[in-house]
Amino acid sequence: PQRDPVDCVRYLFIGRMLWDKGIGELVQATRQLKQRGFKFEVCLLGFLDVRNPSAIRPTQIDEWVEEGILSYLGEADDVRTHIISASCIVLPSFYREGVPRSLLEAAAMGRPIITTNSVGCKEVVDDGVNGFLCQPQNHEDLAEKMERFIKLSAFDRAELGRCGREKVELNFDEKIIISKYLSQLV
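Just so it is clear, the structure is predicted and the values come from calculations on it, not from any experiment.

Quick look at helix 5 (residues 139–150) now. For helix 5, spanning 12 residues, the distance from its first C-alpha to its last is 16 Å, which sits close to the expected 16 Å at 1.5 Å a residue. Restricting attention to buried positions, one finds in helix 5 the residues Asp141, Leu142, Ala143, Lys145, Met146, Glu147, Phe149 and Ile150. For helix 5, the N-terminal cap is Asn138; the gap from its side-chain oxygen to the backbone nitrogen of Glu140 is 3.1 Å.

Moving on, we get to the layout of surface pockets. Roughly 260 Å³ of volume is contained in the largest pocket. Lining the largest pocket are 16 residues, and of these Ile14, Gly15, Arg16, Leu45 and Gly46 lie nearest its centre. Across the lining of the largest pocket, the residue classes tally to seven nonpolar, three polar and six charged.

Of note, Lys21 is situated in the loop between strand 1 (10–14) and helix 1 (23–35). The class of Lys21 is buried, set by a relative accessible area of 9%. Not counting residues within four places of it along the chain, the set of residues in contact with Lys21 comprises Phe13, Arg16, Leu91, Pro92, Ser93, Tyr95 and Glu97.

Right, let's get into the side chain of Glu25. Position of Glu25 relative to the elements: it lies in helix 1. Buried within the structure, Glu25 lacks any salt-bridge partner; Arg31 is the closest side chain of opposite charge, at an N-O distance of 11 Å. Leaving out residues up to four positions away in the same chain, Glu25 has contacts with Trp19, Phe94, Gln137, Asn138, His139 and Leu142.

So, on to the confidence of the model for the chain. Of the residues in the chain, 91% have a pLDDT of 70 or more, and the chain-wide mean is 92. Note on residues 1–6: pLDDT under 50 across the span, and 13 contacts to partners over four residues away in sequence or across chains.

The next subject is the pairing of strand 1. As a general feature of sheets, a regular strand has side chains that alternate between the two faces. For strand 1, the tally of buried residues reaches five of five residues, placing the bulk of the element in the interior. On strand 1, burial covers both faces: Arg10, Leu12 and Ile14 on one face and Tyr11 and Phe13 on the other are all buried. Taken together, strand 1, helix 1 and strand 2 (residues 41–45) constitute a β-α-β crossover, and its handedness is right-handed. Sheet analysis places strand 1 next to strand 4 (residues 88–91), joined by two bridges and oriented parallel. Pairing of Leu12 across the sheet is with Ile89, part of strand 4.

Relative to the assigned elements, Leu70 resides in the loop between helix 2 (58–67) and strand 3 (71–72). Sequence separation between Leu70 and Leu26 is 44 residues, and the spatial gap between their C-alpha atoms is 9.7 Å. Every residue in contact with Leu70, bar those within four places of it in the chain, is listed here: Val27, Val42, Leu44, Trp64 and Val65.

Here we take up the packing of helix 1 against helix 5. Packing of helix 1 against helix 5 leaves a shortest axis separation of 8 Å and a crossing angle of 55°. Viewed along their axes, helix 1 and helix 5 adopt a mutual orientation that is oblique. As helix 1 runs across helix 5, the sense of the crossing is right-handed. Here helix 1 contributes Glu25, Leu26, Gln28, Ala29, Thr30, Gln32 and Leu33 to the contact with helix 5, which in turn contributes His139, Glu140, Leu142, Ala143, Met146 and Glu147. Taken together, the residues that form the contact of helix 1 with helix 5 break down as six nonpolar, four polar and three charged.

Topologically, Phe40 is positioned in the loop between helix 1 and strand 2. With near-sequence residues (within four places) excluded, Phe40 lies in contact with Cys8, Val9, Tyr11, Thr30, Leu33, Lys34, Met146 and Ile150.

Rules and cut-offs
- Residues numbered from 1 in each chain as written.
- Predicted model: local features only at pLDDT ≥ 70, side-chain atom pairs only at ≥ 80, totals over all residues.
- Heavy atoms only, no water.
- Helix = DSSP H or I, 4+ residues; strand = E, 2+ residues; numbered from the N terminus.
- Expected span 1.5 Å × (residues − 1).
- Buried < 20%, exposed > 50% of the residue type's maximum accessible area, 1.4 Å probe, protein only.
- Polar contact = N/O pair within 3.5 Å; in protein donor to acceptor, adjacent residues only side chain to side chain.
- 1 Å grid on protein atoms, 1.4 Å probe; cavity = no way out; pocket = protein on both sides within 12 Å on 5 of 7 lines; lining within 4 Å.
- Points joined across faces, edges and corners; volume = space filled by probe spheres on them.
- Nonpolar A, V, L, I, M, F, W, Y, C, P; charged D, E, K, R; others polar.
- Contact = heavy atoms within 4.5 Å.
- Lys, Arg positive; Asp, Glu negative; His and termini not counted.
- Salt bridge = Lys/Arg side-chain N within 4 Å of Asp/Glu carboxyl O.
- pLDDT = per-residue confidence, 0-100.
- Right-handed = clockwise from strand over helix to strand, strands pointing away.
- Pairing = 2+ DSSP bridges.
- Axes fitted to C-alpha atoms, helices over the stretch in contact; angles between N-to-C directions.
- Parallel < 35°, antiparallel > 145°, perpendicular 65-115°, else oblique.
- Left-handed = near helix turned anticlockwise from the far one by under 90°.

Written out as C-alpha cells, the structure is:
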C-alpha cells in the first residue's frame, strides 16, 4: 500500500539482514526514539543471508517485529514501490561498502537518506543537503539524525529529496561514470 510519506515518517532499510549493515544500531535508535514518544515506522527490506557470519537470525527479526520496533517486508526484486512509500532511506552500515545501489536508487527517486559517514555511503549524501550522515556504530548519533528528520517540515523533507535527485543526476549518471572510466584509460 502506498502512503503519503508526510503523514507518518516511514524509514526504510534496504539490504541484506546483516549486523554489519547497522541494523542493531537502527533497532537501538528506534527503541530510544519510541521510548521518548516519537511516532514513526521502521521497515526492513532484504535478504536473510543466514550463511553469512554476520547474519541476523530470523528469530531475532521476529522478536523485533513482535516488540513493535520494526516491520520486516521480506525480499523484493523491484524495490521502487517500497522506496516510493518511504519517507527516508536509512542505511547505518559499517560494512566496507562500495557505493550502495540502494542509496543511489533512493536519491534518484527523490528520497532523503540517513547513512553513515563512511566510504561508499558518504559519497551519496551531502550532510544536511540531501540527507544526514551519522557516525558508524553509534546508535545515539543515528537517533539524533532520525529525530532531526522527523522534526522537519514536509517542505524541508521534499527539498532534501529534490537535492538528492539533483546530486545523482550530476554525479552518478551512467554517461558521467563511463566518461570517467574512459578518461582513466588514457
